[in-house]
Amino acid sequence: LIIQSGASPHEYNLRPSEAKALQDANLVFWVGPGLTPWLTDTIETLAPAADSTEMLETDGTIELEFREGALFEAHADHDDHEEGEHHEDEHHEEEEHGDAHKDEHDDEKHHDDEHDEHHEGEEHHEEATGHEGHDHGSLDPHAWLSPINASTWLNTIAGKLSASDPENAGAYFANAAAGRTEIETLIAETNATLEPVRGGNFVVFHDAYQYFEVAFDFPAGGAISINDASDPSPARIAEIQEFVEHQKVDCVLAEPQFNPRLVDTVLDGTDAKTGILDPLGADLELAPNLYSALISNLAGSLAKCM
């Protein structure tokens, strides 16, 4: 591994032994700069001759855009509908008054509002698409939490290994096929774990689980933090608090390496339960069943909390 198991991938200082391992590598597999921005230059410096594979760029990978805002699509759609009705009511009121001067003034105000909204949207997009203020594009990099992607990536990895080591190509592809069979079983078992609580409402610490949510049709209501590298603004916390209080949220999920007080703040005054989700498998043994254990743990923690 280039970095230690469980370490945050967004920022990392290589140990000498890790730098040497990278320097000696013939093949490098990594998610991409959206997850580990520091690794781009590191690979170019330490392993310029290695065959480097960005998994997010491989054929067949499911790609999802970052979600914007503290609350996710279903709640946003509800707000947009109410806002549309509000604007429609205003429009009818103006027609009834028939005041030409007022209409002209409102048109100017509407133009100014559009400008302000566009400016605020740009600021929010920058906030939502980068880690620690750096914009790495709009693509959500947590793609390993989709078992469909994991299955696709097994073939990609087997192909690269086989090209580098053709004598063992049969073993690589046989192992990849066995891994895909394990993932099919994993998907069925995960759906069975989540089925009793399907339809419940939960909030996550930061927006890292979208691929898992889509794979198992189990959407989160929102995220406390934009990312795992900085604390959320007071306004964002207040928005999440209101959502948890009024939308019957069953569970607010923390992560093992981040500030638990933020979750306590969101839970204050509500009946929601709390649990822990770990998208990195920080406490899991590095073993052949690591991926299955990671996904199973996410499903089990979510079901238990709800």
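Residues numbered from 1 in each chain as written. Predicted model: local features only at pLDDT ≥ 70, side-chain atom pairs only at ≥ 80, totals over all residues. Heavy atoms only, no water.

Novice: So what exactly am I meant to see when it comes to the packing of helix H1 (residues 16–23) against helix H2 (residues 39–46) here?
Specialist: Axis separation between H1 and H2 bottoms out at 9 Å; the angle between their running directions is 65 degrees. Note on packing geometry: the crossing formed by H1 with H2 is right-handed. Contacts from Ala19, Leu22 and Gln23 in H1 reach Leu39, Thr42 and Leu46 in H2. Grouping the amino acids of the contact of H1 with H2 by side-chain chemistry returns four nonpolar, two polar and no charged. (Axes fitted to C-alpha atoms, helices over the stretch in contact; angles between N-to-C directions. Helix = DSSP H or I, 4+ residues; strand = E, 2+ residues; numbered from the N terminus. Left-handed = near helix turned anticlockwise from the far one by under 90°. Contact = heavy atoms within 4.5 Å. Nonpolar A, V, L, I, M, F, W, Y, C, P; charged D, E, K, R; others polar.)

Novice: What's the story with helix H9 (residues 260–267) in this structure? I'm lost.
Specialist: Each α-helix turn comprises 3.6 residues. Residues three or four places apart therefore point the same way. Burial in H9 covers these residues: Leu262, Val263, Val266 and Leu267. Down the axis of H9, the buried side of the element spans an arc of 135 degrees, and every buried residue falls inside it. On its buried face, H9 is in contact with strand E5 (202–206), strand E6 (222–225), helix H8 (234–246), strand E7 (251–254) and strand E8 (273–276). Following H9 by one or two positions, Gly269 adopts a phi angle in the positive range, close to 80 degrees. (Buried < 20%, exposed > 50% of the residue type's maximum accessible area, 1.4 Å probe, protein only. Arc of directions from axis to C-beta.)

Novice: Quick question: what am I supposed to make of the state of the cysteines here?
Specialist: Disulfides are covalent bonds that connect the sulfur atoms of two cysteines. Within the structure shown, the criterion is met by one disulfide. Across the disulfide, Cys251 is cross-linked to Cys305 (sulfur-sulfur distance 1.8 Å). For the disulfide bridge between Cys251 and Cys305, the dihedral angle about the S-S bond is near 100 degrees, and by the sign convention the bridge is right-handed. With Cys251 in strand E7 and Cys305 in helix H10 (residues 290–305), this residue pair connects regions lying 54 residues apart in the sequence. Exposure remark for Cys251: the relative accessible area of 0% places this residue in the buried category. (Disulfide = S-S within 2.5 Å.)

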